Amino acid sequence: MSEIPAKATESTDPLDGARTEAADDAVAHVRPGEPPSGDAMWQSSPPGSIYDYIKVASFSIGPDGLVEQWSLRAEQLFGIPAQHAVGMDPIEAFIDPDLRAQGQRKMAEILDGREWTGVVPFRVPPSATDGECGREGLAEVYVMPTRTEEGEKAAVCIVVDVRTLRSIETDLAASQAIFGQSPFGFVLIDPDLRVRRVNYRFASLFGGSPDDHRGKGVHDYLPRPEAERVTATLRRVLETGDSITDMHVTGFLPGSDERRHWSINLYRVRSGSGRPIGIAWLGTDITARRAAAREAAAARRNLALLNEAGARIGNSLDLETTARELLDVVVPGFCDLATVDLYQGLLAGDETPPGLADGSAELRRVAFASAVSDSPFIGSGDPVSVGAVHHYPFNSLCADALRTARPRYIPAEEGGLVQSTLAVPMVAHDTVVGLAQFARTKGSEPFGDRDRDLAVELAARAAVCIDNARLYRREHERALILQRSLLPPGDPVASGLDIACRYLPGDSSADRPSEVGGDWFDVIELPGHRTALVVGDVMGRGLRAAVAMGELRSAVRTLALLDLEPAEVLSALDEIARGLGAPGGVQQATRAARRPREADLSEVYLATCVYAVYDSVTRRCTFANAGHLPPVLVEPGEDALMLDVPPGMPLGVGGEPFEEVEVELPEGALLALYTDGLVESRDHPLDEGLQAFVGALTDPSAPLEDVCDHVLNTLETHHGEDDIALLMARVQGLPADSVGDWTLPREPRSVGKAREYARGRLLSWDLEPLVDTTELLVSELVTNALRYGEGEIRLRLLLDRTLVCEVWDSGLVQPRRRRARDTDEGGRGLQLVGLLSAAWGSRRTPRGKTVWFELPLPDGQNGMVDPAEALLSLF
């Protein structure tokens, strides 16, 4: 047993926590398994030793059993300063009164030279400071006998706070359990960034036992770039003390090529004295979580792509535009390059698409998009430019995709730009309409099953929109065919008028490109070298408006042949328009007008129309307007002006009469009739359009075709919102020498006079071949006027493209043609007129009636009817 002096010079106790750099260096150079050198043995423990956590104190007892020396650790443990503790009886001061007798016996044994170790309960005496008075504790005491300088027996006591020791033991056991039983990888790294300790979970992942990992570095577990990043982070944590949470690290497990992902948490570990002693590393394998996150992100991305496709694809009812919209969605969000091929027959307007054909039918490339290159696919055969017609070989994967209506993966060719391609048939309503190809270049992730399903869905959505566009295009073309068939064929001709017209249907730039409008115009030749000019517009769009327009146009032509006045024509049209929306026709509509109107507004047909009748002999034009825009007149040397024609109510409204306005048109004047599509659009109000139209008519002497082109180029006519109809006529009245006009008295000899007048005028016109026929027919008409008419008789011959003869009288009774029996002596005059003339008829006038016939001019092609043969054919 070692003896130490009971009294010693006051020095730093090795347990007081004061450490020297020499001690640190000495301990640092001690290698595991080697005994310490003499110098190192007598140096104090390095920071972080057990004494930083355990409360250990010492004091000495003199020969008289009283405290002789009191260490600083004793002051800390018991809370009694040295000046109060020295000279105290430890038994009387710290031991409970019930145990003092036993304590005195033990003290006597100790002073008798016996060594003793035991656990002693104690209580801090009243002389303690810092509120320690009365605190009870449990101390393990180690008493070592010693001698003073005089040789008297004394003792040195080492005291350990048992409760603190038990707490440390509990914490150590808990730490060991947490460290050893944790399901996460736990690593303790020393200040040199070497592994000090790992748990079994970490060792099970990287192989070996926990002791095998001691002394390893980060580079032993992670690839070099990742290891350098983690090492820099460890140094920062060690220097700053800032913890790192959820740092993602990527690496590989030993013996595996599968990339693993971990989430690590780093924090600095300090000793009991607060000195950093290393870094704690807590790692969690998040490979599965990362995979699930990638799947979820891919699902969200695909859903967003589908939502974008739903919003962007199909906004236009044009085939090529819809294909480009598909590529705008998928490039670059889904792939790097993409093309769309549609069957050529589909684009050409075939009634039935090719469907599941052999896959080698002709296709046209309608769209191409690239995020990396402006050229078509590289390494997939000959390049195909946009707009080119091509076909895939029968044995190719693209042809197989078209044939089977199933997507196909196309392998990449060596040296090409593309590494993965999907050929996806575009199927709509069980019909293949084309093929979409999606490609990803090298460096991108290859297509997977999820990508294939997404590509099929995108192609299907685009295919449905393309098929709808095809159907709309077909309906649009049919409606246009119907509408154009109802318009005048070719260039209209009229007596005394130079005619030019333009018709522009609404195009695909409008909101409803599949629907045509109800605009129409017509030029109708009337008896007496008169002409009816008509321009109208059925409100609404589509086939319904086109059909209504056709019915109204047919009605106008029929009414015009009855030679009614313009106001009467519009009144009859108004009745017809009201009958179009009623199941029972005009009569049902008339009855419904007497009741409260509860009909469906969708069945109401409204239209505007302007109807004008021009007489080439008098150059007078009579207008009637049903809610239409006013005609525009340009007289030679004058500015264009809008004629003041009362607009009236639109056709189909009913209940209001229509007014007529008669205007004398000077020679060379220009008359323009039009629809609202010419002068009105969203960006140009009606007033501005009318002023622009009037201002565009500056040169009425120019050729009419040039005038029409100038008007369309000057105005905003490419908006496509509505149909445009423009009808222009230049006045060219009949010359005075082309008109023969005579008034005959009401007497029998007027018949002979009429024949003389007719013969003389025909001979002056060099129409001798028509003399006999004309004399015969004039005699019949004048005779009928004498027998059945009233008032004076007027005879008029008109020469233009045909010869027209008119006989006027004041009678109101219209002649009626009938078939005479074989025994009848009369009744064959009008039959004769019908046989010898090209056309004949009668019309009412303000002062009676006019009976007329028309003969074609001899041109060597149309054979003249022999009057003798015509007379014999009556019997």
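Residues numbered from 1 in each chain as written. Predicted model: local features only at pLDDT ≥ 70, side-chain atom pairs only at ≥ 80, totals over all residues. Heavy atoms only, no water.

Q: Mind showing me how you'd approach the overall build of the chain here?
A: Per the secondary structure count, the chain includes 23 helices and 31 strands. Relative to all contacts within the chain whose residues are 6 or more apart in sequence, the contacts with residues 24 or more apart total 62%. Summed over all atoms, the accessible surface of the chain reaches about 44,400 Å², with 51% contributed by carbon and sulfur. (Helix = DSSP H or I, 4+ residues; strand = E, 2+ residues; numbered from the N terminus. Contact = heavy atoms within 4.5 Å. Areas by Shrake-Rupley, 256 points an atom, 1.4 Å probe, with all protein chains shown as cover.)

Q: Can you walk me through the sheet that holds strand 27 (residues 739–744) in this structure?
A: Strands belonging to one sheet form pairs held by backbone hydrogen bonds; the direction of such a pair is parallel or antiparallel. The sheet built from 5 strands is open, its strands ordered 27-28-29-31-30 with antiparallel pairing. Single-partner strands in this sheet number two, and they are strand 27 and strand 30 (839–845). Across the sheet, the axes of successive neighbouring strands diverge by a mean angle of 15 degrees, strand direction being ignored. Pairing between strand 30 and strand 31 (residues 848–856): 7 bridges, direction antiparallel. Counterpart to R844 in the pairing with strand 31 is K849. (Pairing = 2+ DSSP bridges. Axes fitted to C-alpha atoms, helices over the stretch in contact; angles between N-to-C directions.)

Q: Explain the sheet that holds strand 21 (residues 620–626) to me, please; I cannot follow it from the model alone.
A: Strand order in this open sheet of 5 strands is 18-19-20-21-24, and the pairing throughout is antiparallel. Strand pairing shows two members of the sheet lacking a second neighbour, strand 18 (517–526) and strand 24 (660–664), which therefore form its edges. When strand polarity is set aside, the average angle formed by the axes of neighbouring strands in this sheet is 15 degrees. Lying over the sheet, helix 15 (residues 543–561) contacts strand 18, strand 19 (530–541) and strand 20 (607–615), oriented at roughly 15 degrees with respect to strand 18. In the packing of helix 16 (residues 566–580) onto the sheet, the strands contacted are strand 20, strand 21 and strand 24, and the crossing angle to strand 21 comes to about 25 degrees.

Q: Teacher, can you tell me more about the packing of aromatic side chains here?
A: We describe a pair of aromatic rings using the distance from one ring centre to the other and the angle between the two ring planes. Applying the stated criterion to the full structure yields 13 aromatic pairs. Judged by centre distance (6.1 Å) and plane angle (5 degrees), the ring pair of W70 and F94 falls under stacked. Highlighted residues: W70 in strand 2 (residues 67–70) and F94 in helix 5 (residues 90–94), separated in sequence by 24 residues. By the burial criterion, W70 is buried, and F94 matches it. Against the face of F334 rests R440, its NZ or CZ located 5.2 Å from the ring centre. Above the plane of the ring of W808 lies R843, whose end atom (NZ or CZ) is 5.8 Å from the centre. (Phe/Tyr/Trp six-rings, centres within 6.5 Å; stacked < 30°, edge-to-face > 60°. Buried < 20%, exposed > 50% of the residue type's maximum accessible area, 1.4 Å probe, protein only. Lys NZ or Arg CZ within 6 Å of the ring centre and 35° of its normal.)

Q: Would you mind showing me how to read unusual backbone geometry here?
A: Peptide bonds are, in most cases, trans, and in most cases residues other than glycine have a negative phi. A cis geometry characterises the amide bond from V331 onward to P332, with omega recorded as 5 degrees. Tracing the backbone shows P332 in the loop between helix 11 (319–330) and strand 11 (337–343). Phi at H529 is positive, roughly 50 degrees, even though this residue is not glycine. With respect to the helices, strands and loops of the structure, H529 is situated in the loop between strand 18 and strand 19. Residue classification places H529 among the buried residues on the basis of a relative accessible area of 7%.

Q: Even after reading the chapter, I still don't get the pattern of salt bridges, so can you show me in this structure?
A: A side chain of one charge can pair with a side chain of the opposite charge when the charged atoms of the two come close. Scanning all chains against the criterion turns up 38 salt bridges. Between D574 and R578 there is a salt bridge, with its nearest N and O atoms 3.9 Å apart. Taken together, the residues span about one helical turn, with D574 and R578 both in helix 16 at a distance of 4 residues. With a relative accessible area of 5%, D574 lands in the buried category. A network of salt bridges, in which partner residues are shared, links R530, D563, R796, E806 and R843. (Salt bridge = Lys/Arg side-chain N within 4 Å of Asp/Glu carboxyl O.)

Q: Just to check I follow, could you spell out helix 13 (residues 397–404) for this structure?
A: Each α-helix turn comprises 3.6 residues. Residues three or four places apart therefore point the same way. The set of residues buried in helix 13 consists of C398, A399, D400, A401 and L402. Those residues of helix 13 that are buried are in contact with strand 11, strand 12 (363–370), strand 14 (408–411), strand 15 (418–428) and strand 16 (431–441). Just past helix 13, the residue A405 takes up positive phi, approximately 60 degrees.

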